[in-house]
Amino acid sequence: MADASWLSEVPQLSRGDLRDIRKFLDTAYRDFSREYGEMIEGFFDPLLTFLVWFEKLLLATPWWLVIAIIAGLAYLSSRSWKLSLGVVISFFMIGYFGMWDNTMRTMSIILVCTFMAIALGVPIGIAMARSDRVQSVVTPLLDIMQTMPAFVYLIPVVMLLGIGKIPGVIAVIIYAIPPVIRLTNLGIRLVDKDVLEAATAYGASSMQRLVGVQLPLAMPTIMAGINQTIMMALSMVVIASMIGVKGLGQPVLKSITNQYFTLGLLNGLAIVALAIIFDRVSQAYAKRSQRYLGGMDNG
């Protein structure tokens, strides 16, 4: 009967073997971080310099000029006075309640992370759309990145680079980049084959088809991916504050540990305001580009 115990109990490694595996992996990663940590830090030094400069620029710029620029960009993207007015009111209220500096710090991180996610994600999405083999390799990685708990990202990054802005940026990008990759791939794959055949018939090269046909037609879908990437980056703000990223996340974390309800609520609402502004502006831009393309098709 003892031999049939596996029928009632899950077969598992002995504690000693499991401990040896954990010890081996932990030691290997620790040795790697000691050996290459400084070199990797040096690689990210230009990014850190840019982050610090951009944050100081936003903090040093007069509040009214920052609001005017953001409202102007919102209007150029959406052609909506209502949205621009909402931007002005939201940022004025953020400043009025004493959250201006933290909001600028958060914006600097989110904007840098979003641009880096786009710069990395769109080419990967294009490669996936052009090759089924690349898609079969990248898709499981994206599944892991999207389902892995956000806190888990912080462990290897902090072990490798310590506490600070760069580990926070890396963790945010890993967490937020999958949507822009997936939707770039999807958008390009959904482009009508007849349109591509017509472009080929007119003598367009592979690169000309990509730049002149596929990317413009896929832009609404790609913009939806960028929108989701921004939302996921903002959702990581509080978690990134645990490893020294300054901004709206730190007061929220402080309010959790010290049970300051109002502090957490106000800073949480500021994060929500940023999320809504980015969401509405990117959605409005995507709709305008779609209408523009629709008008070209009708013409």
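About the cut-offs
Residues numbered from 1 in each chain as written. Predicted model: local features only at pLDDT ≥ 70, side-chain atom pairs only at ≥ 80, totals over all residues. Heavy atoms only, no water. Helix = DSSP H or I, 4+ residues; strand = E, 2+ residues; numbered from the N terminus. Buried < 20%, exposed > 50% of the residue type's maximum accessible area, 1.4 Å probe, protein only. Contact = heavy atoms within 4.5 Å. Areas by Shrake-Rupley, 256 points an atom, 1.4 Å probe, with all protein chains shown as cover. Polar contact = N/O pair within 3.5 Å; in protein donor to acceptor, adjacent residues only side chain to side chain. Axes fitted to C-alpha atoms, helices over the stretch in contact; angles between N-to-C directions. Left-handed = near helix turned anticlockwise from the far one by under 90°. Nonpolar A, V, L, I, M, F, W, Y, C, P; charged D, E, K, R; others polar. Parallel < 35°, antiparallel > 145°, perpendicular 65-115°, else oblique.

This part is about the overall build of the protein chain. In terms of regular secondary structure, the protein chain is built from 14 helices and zero strands. Moving toward the C terminus, one meets the helices and strands of the protein chain in the order α-α-α-α-α-α-α-α-α-α-α-α-α-α. Principal axes of the C-alpha set define a box for the protein chain whose edges measure 80 × 60 × 45 Å. The buried share of the protein chain, taken over its 299 residues, is 40%. Partitioning the contacts of the protein chain with sequence separation of at least 6, the portion at a separation of at least 24 is 75%. Here the protein chain has roughly 17600 Å² of accessible surface; of this, 66% comes from carbon and sulfur atoms.

Before going further, it helps to spend a moment on the side chain of asparagine 227. Along the chain, asparagine 227 falls in helix 11 (residues 206-235). Exposure remark for asparagine 227: the relative accessible area of 4% places this residue in the buried category. Only 3.2 Å separates the side chain of asparagine 227 from the side chain of glutamine 228, close enough to count as a polar contact. At 2.8 Å, the side chain of asparagine 227 forms a polar contact with the side chain of serine 282. For asparagine 227, the contacting residues outside a window of four places in its chain are Phe278, Asp279, Ser282 and Gln283.

Let us now look at the packing of helix 7 (residues 150-161) against helix 8 (residues 165-176). Between helix 7 and helix 8, whose axes approach to 9 Å, the crossing angle comes to 145 degrees. Here helix 7 runs over helix 8; the crossing is right-handed. Facing Ala150, Tyr153, Leu154, Val157 and Leu161 of helix 7, the residues of helix 8 in contact are Ile166, Pro167, Ile170, Ala171, Ile174 and Tyr175. When its residues are assigned to classes, the contact of helix 7 with helix 8 shows 11 nonpolar, no polar and no charged.

With that settled, the discussion passes to the environment of methionine 39. Here methionine 39 shows up in helix 1 (residues 15-43). Spatially, the C-alpha atom of methionine 39 lies 19 Å from that of leucine 51, the residues being 12 residues apart in sequence.

We now examine the packing of helix 3 (residues 63-78) against helix 5 (residues 100-130). The contact between helix 3 and helix 5 brings their axes to 12 Å, and the two run at 45 degrees. Put simply, helix 3 runs oblique to helix 5. Of the two elements, helix 3 crosses helix 5, and the hand of that crossing is left-handed. Residues Trp63, Val66, Ile67 and Ile70 of helix 3 lie in contact with helix 5, whose contacting residues are Trp100, Met104 and Met107. Along the lines of polarity and charge, the residues of the contact of helix 3 with helix 5 split into seven nonpolar, no polar and no charged.

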